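# Geometric and topological summary
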Amino acid sequence: PESDTIIGLFFSDSLRFNLTAIENSTVSDNYIHSIELLRPNKSDALAYISGQTSTPPMRYAKVVINHFGEKDPVFCFYKVGLVPVTDATIIQPLMEIYRTDPTRCFNSGTK
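First, a word on scope: everything that follows refers to the structure included in this document. From a predicted model like this one, the values you see are computed outputs, not experimental measurements.

## Overview of the nonpolar core
With 14 residues, the main nonpolar core has Phe10, Val63 and Ile65 as its most contacted residues. Every element with two or more residues in this core is listed here: helix H1 (2–10), strand E2 (60–67) and strand E3 (74–81). No other element matches the four residues that E3 contributes to this core.

Right under this line is the structure:
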């Protein structure tokens with residue numbers, strides 16, 4: 001499934017996320033908390049549904065990483081796309097749906 005290719009992307013050595021597989025993780029590890037399809041922009045979806053365009057909205061995933069293995073543990077939200085994963089897929093901070101500094105993660109307060 002698509003989520004497996006996204007997981008593989010984050011576990012790539014070149015990205016250096018230093019992740020632990022969820023089944024082996026503890027509260028002090030970095031791990032993937034969740035992966036879900038990111039809803040398209042409403043205007044893009046409506047244009048496709050109404051027939052104004054024959055091109056479906058581009059598909060992205062939202063990935064939440066628990067960076068609990070760091071000095072200051074945080075949750076970080078990433079936008080991954082385009083989905084399905086190809087050599088052109090990129091990972092970037094998810095900025096569209098959160099009204100905070102997009103370069104800042106949320107402190108988990110666990111340490």
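Let's pick the thread back up.
## Examining the packing of aromatic side chains
For the structure shown, the criterion picks out five aromatic pairs. Taking the centre distance of 5.4 Å and the plane angle of 90° together, the rings of Phe17 and Tyr78 count as edge-to-face. You can see Phe17 sitting in the loop between H1 and strand E1 (30–38) and its partner Tyr78 sitting in strand E3, a full 61 residues away along the chain. As far as burial versus exposure is concerned, Phe17 and Tyr78 are alike and both buried. Their ring planes at 85° and their centres at 6.0 Å tell us that Tyr31 and Phe68 sit as a pair that is edge-to-face. Placement of Tyr31 in strand E1 and of Phe68 in the loop between E2 and E3 is noted, with a sequence separation of 37 residues between them. Here a set of aromatic residues connected by ring pairs shows up, and it is made of Phe10, Phe17 and Tyr78.

Definitions and cut-offs
Residues numbered from 1 in each chain as written. Predicted model: local features only at pLDDT ≥ 70, side-chain atom pairs only at ≥ 80, totals over all residues. Heavy atoms only, no water. Core = buried A, V, L, I, M, F, W, Y, C linked by side-chain atoms within 4.5 Å. Buried < 20%, exposed > 50% of the residue type's maximum accessible area, 1.4 Å probe, protein only. Helix = DSSP H or I, 4+ residues; strand = E, 2+ residues; numbered from the N terminus. Phe/Tyr/Trp six-rings, centres within 6.5 Å; stacked < 30°, edge-to-face > 60°.

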